[in-house]
Amino acid sequence: MPTVRSRSSLPTNLAHLAIVTVLCSTLPAGLSAAAEKPLPAAAPQSLGVSAEILNQIDETIHAAIKRGELPGAVVLIVHRGKVIFRKAYGQRSLEQEKSAMLPEIVFDLASLTKPIATATAIMMLIEQGKLRLADLVSDHVRGMPFQGAKITIEHLLTHTSGLIADNALKDYQDGRAKALERVYALKPTAEPGTKFIYSDVGFIVLGDLVERLSGEPLEKFTRKRIFEPLGMNETGFKPQGKLKDRAAPTEIRDGQWMQGEVHDPRSHLMGGVAGHAGLFSTADDLAVYAQMILQGGDYNGRRLLKPETVKLMTAPRPVPGGKTPVSPRPEGEGPGVRGWQRGLGWDMLTSYSANRGTIFPPGKSFGHTGFTGTSIWLDPDTETAVIFLSNRVHPNGKGNVTKLRGQVATLAASALPAYQARKTAPVLPGIDVLVKEKFERLKGRRIGLVTNHTGRDRQGRATIDLLHQARGVTLVALFSPEHGIRGILDEKVGDTKDEKTGLPIYSLYGSRRRPTADTLQGIDTLVYDIQDIGCRFYTYITTLGYVLESAAEHKIKVVVLDRPNPIGGVAIEGPIRDADKESFVAYHALPIRHGLTVGELARLFNAERKIDADLEVVQMQGWKRSMLLDRTGLSWVNPSPNMRSLSAALLYPGIGILETTNISVGRGTERPFEWIGAPWLDGVKLAAALAEQKLSGVRFVPAQITPKGSVHNGKLCGGVHIFVDDWARFEPVRTGLAIAYALRKLYPDDWKIDRLNVLLVHEETWKGIDAGTDWRELEGHRLPELARFARLRKKYLIYGD
């Protein structure tokens, strides 16, 4: 197991902490000793922070190192001006000369250069009156930069300039001056201000503007104006001497290991100093910078930025959606977060902000990541900063810490007193409980495992592998549901063999839909571990019902490894299936949004359908009914090819009912179930009609898209993006039926609803929509049946709140 290192000289109860030390004893000219005073350490408990939850970071990083995602890391957490967590994990170097990771290691920050050096310098120039956010680049660069495009400083800071991510490496091979000349000759690929494109090029320009307007090289300006005043003596471009020796190596370039030498190839060709990459630092130094930002620009009496400048820099600014717009659940009261947001140099809510985790509030907190495996996230509301530094690109560039950075942030946030009321200790699904119990329940059993790629523990280990390796347990065969064992197929699935274990995989979505006598030979227990999404017509729960039926028929025990209902266990919504309409997409008389876990559904099916299988549910630990998946500490895994986000899962019960009609629900686009459209549909009219419905927690934005598959493949469709702004108030089925009502009213001839009842399976509602009846009236008719179901389901609930 990788080791954890901390300062051994501290008392036992503070062994994981260490006071930040400054290794350079010489004070910069004009700097008071107070400015170099390090952040003090404190026991988490003294600030109301859960040390038990923080210490789960150890296990999380150990597992990632074991999976080969990184060689080592340093994690430092600041809360209310104190260092409450400071640990090193694993190895600094694996190839060059094996050496342990230490808290004092120097890291190539990669794109953390953007906010910490470049954007901070730009904000200083704005304070000095040398620059304004509304200034055009052409106001400060002669000629016609970017072929006359009107790109502002704000565009560059928010990645909305329209400039490409990176221009060709060959543009940098003739020296810095020539490289900048070629950068300024680029033509934007989009009109400035109309599209978010994360752009290194834009920050190369900002770095150059710092030099032009200050009269000093970027390296010198940031050292004199930012790092030296803060006592950040281990931070800067091109580290030398002992700092370079203390740097974590990355990869080999030109036959030599890069150690203390910038990894980014463009920054390297520009001499190691550029606005987008090149900065090196330690966790301790970054803690000082973070505290300065959290204190509104002041650190130990030394003011670096005015409070209003910090507010300007970190205020959320809407940016045009990119490829996969995100609408995470807002935390706390008040209006939800609306669409993608950036600060000036900071990320807040885009596809790049996975390092926020699932708890720090979007739009209020901010941070950034670096390609080499670094990240920082700050939450002003709780006065907290989470610093994660790794050299994940060592030794071969194949490491990946995207998920890990988010997990660490989630654990850090969940330990804070401000979020304790909303977040309990991380949830343990059934498979994790089995592991914790050392598989005692299954000892001596011969197992048939019904699973797919969503069957995994908190560490990402497949249930298949865990059961195959478990002592005293014999894994005999695997059974896969719709979409196959890997969850990537949208067609009938045949039998195959698992490459890793050699076990047969029997498909339950091909020529058979349930385990049969020949596939159950030698099996005495069927274990079910699949992530559902909480919607009646998602077929994994039909497979669960068929498994119970087959098990009862063949006198086989069933063990269900329970998992969270990702869209919550409180709300129930929508029509209950008509008694005569059972099918593979409507196994039992449930409302569309049933609010049950798979374990609770198994109990309900077994009793209400009188299956009487020998059933055992391995209950989760820590899950509460009010939790959506974002509050469990568990990673999202696409349960099927088009179910790509928790937002999509939350929308699916309402939008999914429309997909048997002639409207696209986003299959074949980058936002399945988060966009709808058709060639005959006017998105502006539909958005206006839906706005009149005053639906809670959701908004509609007109957008034309050409699906590349499924309904209306290759046809330009008018439509609307659907953004969920408040996950607590949003009602997906009500929204879906309101859309159906609007479509029927606006397009009575174009929208064909003869197959709408395939997933709705409720004759009264179907006929009401066909007749143009208001969705509110139809909803009122269903209240008695929903009340009956609510009373019935109480008997099968396992978890409370």
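The structure we're discussing is the one just above.
This is a predicted model, so every value here is computed, not measured.

*Asks:* Mind showing me how you'd approach the sheet that holds strand β20 (residues 496-497) here?
*Replies:* Strands in a sheet are paired, the pairing made by backbone hydrogen bonds, and the direction either parallel or antiparallel. In space, the 7 strands of this open sheet follow the order β20-β21-β19-β18-β22-β23-β26, with mixed pairing throughout. Each of the sheet's edge strands pairs with one partner strand only, and the pair in question is β20 and β26 (615-618). Of the pairings in the sheet, the one linking strand β22 (residues 525-529) to strand β23 (residues 557-561) comprises 4 bridges and is parallel in character. Bridging from a neighbouring strand, Leu526 pairs with Val558 of β23. Packing of helix α16 (residues 540-553) onto the sheet brings it into contact with β18 (446-451), β22, β23 and β26, and relative to β22 it is tilted by some 170°. Across the face of the sheet, helix α17 (residues 598-608) comes into contact with β22, β23 and β26 while running at roughly 165° to β26.

*Asks:* Can you help me understand the layout of surface pockets in this one?
*Replies:* In this approach the atoms are scanned with a rolling probe the size of a water molecule, which exposes any empty space left behind. In this structure, the second largest pocket encloses a volume near 670 Å³. Every residue lining the second largest pocket is counted, 21 residues in all, and those nearest its centre are Lys66, Gln459, Arg461, Leu466 and Gln469. Secondary structure elements with two or more residues in the lining of the second largest pocket: α2 (56-66) and α15 (463-469). Ranked by residue count, the leading element in the lining of the second largest pocket is α2, at 4 residues. Along the lines of polarity and charge, the residues of the lining of the second largest pocket split into 8 nonpolar, 4 polar and 9 charged.

*Asks:* Can you walk me through the side chain of Arg253 in this structure?
*Replies:* Looking at the element boundaries, Arg253 is found in strand β7 (residues 252-253). A polar side-chain atom of Arg253 sits 2.9 Å from a polar atom in the side chain of Glu261. Beyond its immediate sequence surroundings of up to four residues, Arg253 is in contact with Met258, Glu261, Val262, His263, Asp264, Pro265 and His268.

*Asks:* Explain the sheet that holds strand β5 (residues 107-108) to me, please; I cannot follow it from the model alone.
*Replies:* Spatially, the 3 strands line up as an open sheet ordered β5-β9-β6, and their pairing is antiparallel. Either end of the sheet is taken by a strand with one partner, and the two such strands are β5 and β6 (236-237). Two strands pair when backbone bridges link them, and β6 and strand β9 (residues 279-281) are joined in this way by 2 bridges, in the antiparallel orientation. Its bridge partner being in β9, Phe237 is matched across the sheet by Leu279.

*Asks:* What am I meant to see in the environment of Glu308 here?
*Replies:* Looking at the secondary structure, you find Glu308 in helix α11 (residues 307-314). The exposure class assigned to Glu308 is exposed, which follows from its relative accessible area of 51%. Sequence separation between Glu308 and Arg593 is 285 residues; the distance between their C-alpha atoms is 46 Å.

*Asks:* Explain the packing of aromatic side chains to me, please; I cannot follow it from the model alone.
*Replies:* Working definition: an aromatic ring pair is given by the centre-to-centre distance plus the angle between the planes. A complete count under the given rule lists 18 aromatic pairs for this structure. Their ring planes at 70° and their centres at 5.0 Å tell us that Tyr538 and Tyr540 sit as a pair that is edge-to-face. Residue Tyr538 shares its accessibility class with Tyr540, and that shared class is buried. A ring pair is formed by Tyr652 and Phe673, whose centres lie 4.8 Å apart and whose planes are at 80°; its orientation type is edge-to-face. One end of the pair, Tyr652, is in helix α18 (residues 646-655); the other, Phe673, is in the loop between α18 and β27 (675-678), with 21 residues separating them in the sequence. Neither Tyr652 nor Phe673 differs from the other in exposure class; each is buried. Taken together, Tyr509, Tyr546, Phe584, Tyr587 and Phe605 form an aromatic cluster joined through their ring pairs. Over the ring of Tyr587 we find Arg609; its NZ or CZ atom is 3.9 Å from the centre of that ring.

*Asks:* Explanation requested: empty space enclosed by the protein in the structure shown.
*Replies:* Under the definition given, this model contains 5 cavities of 30 Å³ or more. Approximately 220 Å³ is the volume found for the largest cavity. Arg456, Arg563, Leu634, Ser635 and Val637 are, among the 18 residues lining the largest cavity, the residues nearest its centre. Its residues assigned to classes, the lining of the largest cavity comprises 7 nonpolar, 5 polar and 6 charged.

Analysis parameters
- Residues numbered from 1 in each chain as written.
- Predicted model: local features only at pLDDT ≥ 70, side-chain atom pairs only at ≥ 80, totals over all residues.
- Heavy atoms only, no water.
- Pairing = 2+ DSSP bridges.
- Helix = DSSP H or I, 4+ residues; strand = E, 2+ residues; numbered from the N terminus.
- Contact = heavy atoms within 4.5 Å.
- Axes fitted to C-alpha atoms, helices over the stretch in contact; angles between N-to-C directions.
- 1 Å grid on protein atoms, 1.4 Å probe; cavity = no way out; pocket = protein on both sides within 12 Å on 5 of 7 lines; lining within 4 Å.
- Points joined across faces, edges and corners; volume = space filled by probe spheres on them.
- Nonpolar A, V, L, I, M, F, W, Y, C, P; charged D, E, K, R; others polar.
- Polar contact = N/O pair within 3.5 Å; in protein donor to acceptor, adjacent residues only side chain to side chain.
- Buried < 20%, exposed > 50% of the residue type's maximum accessible area, 1.4 Å probe, protein only.
- Phe/Tyr/Trp six-rings, centres within 6.5 Å; stacked < 30°, edge-to-face > 60°.
- Lys NZ or Arg CZ within 6 Å of the ring centre and 35° of its normal.

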